[in-house]
Structures are given as structure tokens and as C-alpha cells.
Amino acid sequence: MPGDLEPAVSFIPHVNHSKTSEICLKSFSMKFFSISPTIFHFLLGIVSYLSFNLMCKWLNNPAIHQEPINLLQTNVVATLKEGSSFWCTGDSKSKRICKFRHLCYQPVQDDFLFFHGPDTVIDGVPENRFDPALLDLSSVDDHNTQYFNYVDYPVSALDTFPNITIIDDLSLIFNRFNADNIMHVIHDDLLPLFHTMRQFSWSKPSIDLGYRLVMMEGWNEGTYFELYKLFTDKPPLLKRDLQKSKGLVCFQHGVVGISKYTTWYQYGFKKPQGALPRTSLTGQYVRQFVMFIKRRLGLDSGLTHASDSSYVVLCSREHNRLIINELDLSMAISRHFDKQVIHTSMTKHSFKEQVQLVSRASALIGMHGSILIMAIFLPPNAKLIELFPFGVNPNHYTPYHTLSDLPGMDIIYSAWRNEIEENTVTYPHEAPEVGGIVHLSDEEQVQIKTAKEVPRHLCCSNPYWLYRIYQDTIVDIKSLLLVMQTIEKKQRMTSLRPKPAYDHNLYPSKVINVTCQLPSEESQPALWLSWKQPLNVPFIADSNVKYEVWIQPNEQNNYVAYILDMTEYIFTENLLRNTLYNVWVRCIVDENSGPFGSVTHCETN
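Because the structure is predicted, anything quoted here is derived from the model rather than measured.

Criteria and cut-off values
Residues numbered from 1 in each chain as written. Predicted model: local features only at pLDDT ≥ 70, side-chain atom pairs only at ≥ 80, totals over all residues. Heavy atoms only, no water. Helix = DSSP H or I, 4+ residues; strand = E, 2+ residues; numbered from the N terminus. Buried < 20%, exposed > 50% of the residue type's maximum accessible area, 1.4 Å probe, protein only. Pairing = 2+ DSSP bridges. Axes fitted to C-alpha atoms, helices over the stretch in contact; angles between N-to-C directions. UniProt positions renumbered as here; feature names shortened; annotations may be inferred.

S.K.: Even after reading the chapter, I still don't get unusual backbone geometry, so can you show me in this structure?
M.R.: Note: most residues except glycine have negative phi, and most peptide bonds are trans. Here the bond from D131 into P132 is cis, since omega is -5°, no more than 30 degrees from zero. Within the secondary structure, P132 is located in the loop between β4 (122-123) and β5 (135-136). Residue C460 follows C459 across a cis peptide bond; omega there is 20°. Unlike most non-glycine residues, D110 shows phi in positive territory, near 55°. Its location among the elements puts D110 in the loop between β2 (97-106) and β3 (111-116). On the basis of relative accessibility, which here comes to 37%, the residue D110 falls in the partly exposed class. Located in the positive-phi region is N574, a residue other than glycine, with phi close to 60°.

Laid out in C-alpha cells, this is it:
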């Protein structure tokens, strides 16, 4: 069953099957022989048949299951007594991911154990791994519920563990952050999984589907558990599966931790939420993830274009943050774009159906909420219009705006905000987590109700935020149509711009053939320098190519730098006669500086 622990080694008592069968047959014959010889021989045949099949099934089991329990114990402990090992990359807790061998989990203490032995290797582990932890098990940075560390033991301590289970698969151990919210599932878990598995996969496909996913946050499967299964051909393990074991669970090899390379947003745990200051993620990389997901879902993984679409997708909500006039809004959208409007929701369509719809839509429109992460599946040049309730500033809540702004993402984004307070329905008597405020003092309630905008705040229980984000809205169609007109202008302008095949910075290589000679007609000290452009420049740039030249008197520390747009120049400034100079030249393409070549020695006249 998915989620069940499937150890490659398990301990079973040795049983003498032939003797057991003989005892059963004697008992059986004594009881029935007196009844009828015919019945006896018939039943004897059945028993022989069943015994034969059971014996064959038993013999077909892996050989290790046929060994006595004490020999199994000896073999397992002998392997583990080589010692645990860690090879870590990343210079900080936030960036660190570790490859491991022989990492064990103790369910009773809920600790990972590291056994120090003769073959132990510890590479990239900081001296103080408790400040505050070795690494984050989640892609959400520095959340104290996501810290990972291990407990040190000598290998001799293995003798004190009577039951040991070995997981011989290549394991990837991590934490899901919020398994019931599709935005968190994709942004915090699936995209980071995709990148981490690519980083540690050697197989020809994009990722190695032979990994065993081990999710240690302690939750049940969650709403989107099937999506995690897209990343492996083996049933994932939850912490509860490991805790069913009565003894030590040891992972033979794998990876612990998950990359933050693909994250672009932080949720406001330490400062108000917003885009991460630095991300290397590009739209092209996101498209690779999208194509992988679609292939695993059995969908066409090719990219369509928004201009080929005949419909717009409008996201519906069913319990809160409703669009009260959704039908009128749908008709207005249809008339404006001259396209069919298809309504979708998390309950109306499966994830696969939503991917199918969105990946062929010309636009995705909906209230701010987790379903808008489905914009990741929009085709190139599609539109994303995010609606915000009264009092909620779109500039303060930007996960989907940030997504659309990733270089090469090619999604045209606009936000609409309800500016008419009368077009809103609030729910002050609901529970606090869905916008209720009656539990607060009268003064606080008045302040919240009269505030025209939610102040900046931290996650996750600010009453101003909850009161406004869970209100229902009558969308002012006239003002929304203006937003639609604006986004169409953006779309036309974007479609006219040339789009590179990739968004990586391309750096020039070394300049070549740097030579210097004495100018024939110069009466003052001078150096005539020339060089050839780097070999890769014709392939990465056709303009904005410059050269930086450093000239330094030999055996001195000072130098003079020049920026030129040519490959030949006579230098006369700040030069002395009959003096030896060191010269370096490098190329600059679109402000990306290449390396300096070897030093060239030149002497003035």
C-alpha cells in the first residue's frame, strides 16, 4: 500500500516448513481417515498442492529473508558499523543540502542518528551545526519548525538496538510546508523537489524517478499527496510510516534537505511578505517543470500560444472571498475578449483538469488566493488578472505578480482592486481565522472596520488582514474593463519585443593575441596595443562590446584603467620613457565582464 514502510531487510523467525507440514498432515489424517478414504485422499491432494505452492512462494523471496534472525542482525549491523557519512554543499544553513550514507531514524525519540565509525566522512558540516541547525528540511527559509540536525553515536552503540530496518532505496528526506494549499505545494515543495532531484540525479531523464520520497513534517497524506507521487515510481513514506517500526530505521543512502533555488516569495514570518530579494529562477526553468508535470499527468507537454486560445478561465470560490456578481462578470469578460469563459475551482475540477484548462487559456482571472498559482501553466503571452477585495493593497501581496515578472516567464499581469467599500460584504461574526472580529474589544473592531487599507503586517493572524481578505466582493465591471484594456496594451507591446531563447548571463571569454609595439611617429612615451575579440563574442553579442585595459608600471601597485570600444589604441597618458609596463585586457559584453588574460609586458620608447 502507498505510504507503507517497505524495508529492503526485515527480520522474520526461521521456520521449519517441512516439519510443520508433517505435523499438520498427521493431525489431519487422524481426524478424517475413519470417515472416508476417498475424502481423505482428496483432502490430502489439496493440502499437498497448497504446501507445494507455499514452498515455491517462500523460495522465490529474496535470499536474505531465508536467513535466521541472528545472521540477519549480524549482516545489518556489520554494514552499518562502517559508520555514517555526510557530504554537504552550501555555506549556510539556508543553502545547505547533504548527501548521506547510513543515516538512521529513531522513532521513539524522533531523532536522526549519526553513527561515527572507521569509514565515516564528514564534509561540509560546520563546526557548530547547532547555530541554529545544520540545514532546513523545507524550502521556506529559516522557519524554526523546519530545522534538521542529528544526534552523534559511536558505531558500538548499534549493538544496543535489537531491531533495525534498512531502507535500501535512494532516499530524499524533506518536509512539506503546507500540504493542503496548492500554492504552497507547488512553490514550496514541488518546484524545489524538481530542482533538488535534478541536482542529484544522474539518469538521462530530467529527474531520477527511483528516489524514495520521505516526508518528515509529521502530517497525513494531505489534499495533494498524489502530486508528490509524480516525482517517484516508489510509494512515498511519511513520518508515521517510520514510526510504525519498533526499532531503528536506517537509510542506506540519499539526500537530506531541499533546494531553495526555485523559490521567489517569502510569507512574512520575520518581515512583511514579498518577493525574495535574489532569485536565479527563470521562466524557462519554470516551463521545464511544467512540461515534466504535464508528461507525468499524461498530458501533451508541448507549449501552445495564448493567441491560439478560444477561452478565458475564471476562478471561482465556494466558501469565502466570493465574487458576488460572478455571472455578470463572466458575461462582461466574454463580451470584452470575444471568448468563452470557463469557470474552474479546486472542487469543480481535478488538478489534472485544471492544468489542461489553464495551459490552453488566453487569460486567467480570479480573486487573490492559492488557485492563482495555476498561472504557472499558462501558455506564453497569456494574461493574468488578479482581483483584490476592498482595503487589500495589491502591491503588498505579490506572489503571482512576482511569478509573472520572472525573466522569460512571458505572462502579462495586472491587478484590480475594489475601491468601493459599499461593494463588499464582511463577516465580523465568523471565526477569527476567517475574518471574525467580535472577539476583539469594541475599540479594536471600530479601528479595523474604519481602516481603508490593511497595514503592513507579519504572518499569519493579523485581524485587519483576515477581516478584509475573507470578505465577499461585488466586482465593479466598469473599472475592471479598464484594467483589461490596459493589460491588452501590455500584451501587444510585449509581443513586439524580441524574446531571447534563454535568460542567462553570457560572459565573454579571454581576449586573445594581445600585442604591443612602439608607435613610429610618436615623440612622447607611448604604447601601441592591439588584441582580438574573445572567440565566443560573435555568438553572444552583436553590439555593446567594450574592452577594459589596465596599464601598470612594473613592480608597482598603482595602475591606470581605460574603457574602450575598439581593439587597437595608442596610449600616451601617464607614461614614462624607457619604462616596462604590465598590461591586462578583458572584454565586457552588456556589462558582463569576462576574465583578464595573461599579463603582457610592454616597454615605452
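S.K.: Teacher, can you tell me more about the pairing of strand β26 (residues 580-589) here?
M.R.: Side chains on a regular strand alternate between the two faces of the sheet. Counting buried residues along β26, 8 of its 10 residues qualify, which places the element largely inside the surrounding structure. Two elements, strand β23 (residues 545-553) and β26, share 9 bridges in a ladder whose sense is antiparallel. Residue pairing across strands places Q552 opposite N582, the latter belonging to β26. As paired strands, β26 and strand β28 (residues 600-603) are joined by 4 bridges and run antiparallel to one another. By the bridge assignment, Y581 is partnered in β28 with C602. Linking two consecutive strands that pair antiparallel, namely β26 and strand β27 (residues 592-593), is a turn of 2 residues; a positive phi of about 50° is found at D590 within it.

S.K.: Looking at this model, I keep getting lost on the sheet that holds strand β17 (residues 382-388). Mind explaining?
M.R.: Strands in a sheet are paired, the pairing made by backbone hydrogen bonds, and the direction either parallel or antiparallel. Read from one edge to the other, the open sheet built from 5 strands follows the order β15-β14-β16-β17-β18, with strand pairing classed as parallel. Only two strands of the sheet have a single partner each, and these edge strands are β15 (340-344) and β18 (411-417). With direction set aside, neighbouring strand axes in the sheet form an average angle of 20°. Here 2 bridges tie strand β14 (residues 311-315) to strand β16 (residues 363-367), and the two strands are oriented parallel to one another. Bridge pairing in β16 links L314 to I365.

S.K.: Explain the UniProt feature "transmembrane region" (unreviewed entry) in the protein chain to me, please; I cannot follow it from the model alone.
M.R.: Under the feature "transmembrane region" (unreviewed entry), the UniProt entry names residues 32-52 and 357-378. Counted over residues 357-378, helix gives 9% and strand 23%. Its end C-alpha atoms are 9 Å apart.

S.K.: I'm lost on the sheet that holds strand β25 (residues 568-571) in this one. Help?
M.R.: If you trace the 3 strands from one edge of the open sheet to the other, you get β21-β22-β25, paired in antiparallel fashion. At either end of the open sheet lies a strand with only one pairing partner, and these are β21 (512-517) and β25. Taking the axes of each pair of neighbouring strands and ignoring which way they run, one obtains an average angle of 15° across the sheet. The pairing of strand β22 (residues 527-532) with β25 spans 4 bridges and is classified as antiparallel. Of the residues in β25, the one forming a bridge with L529 is Y569.

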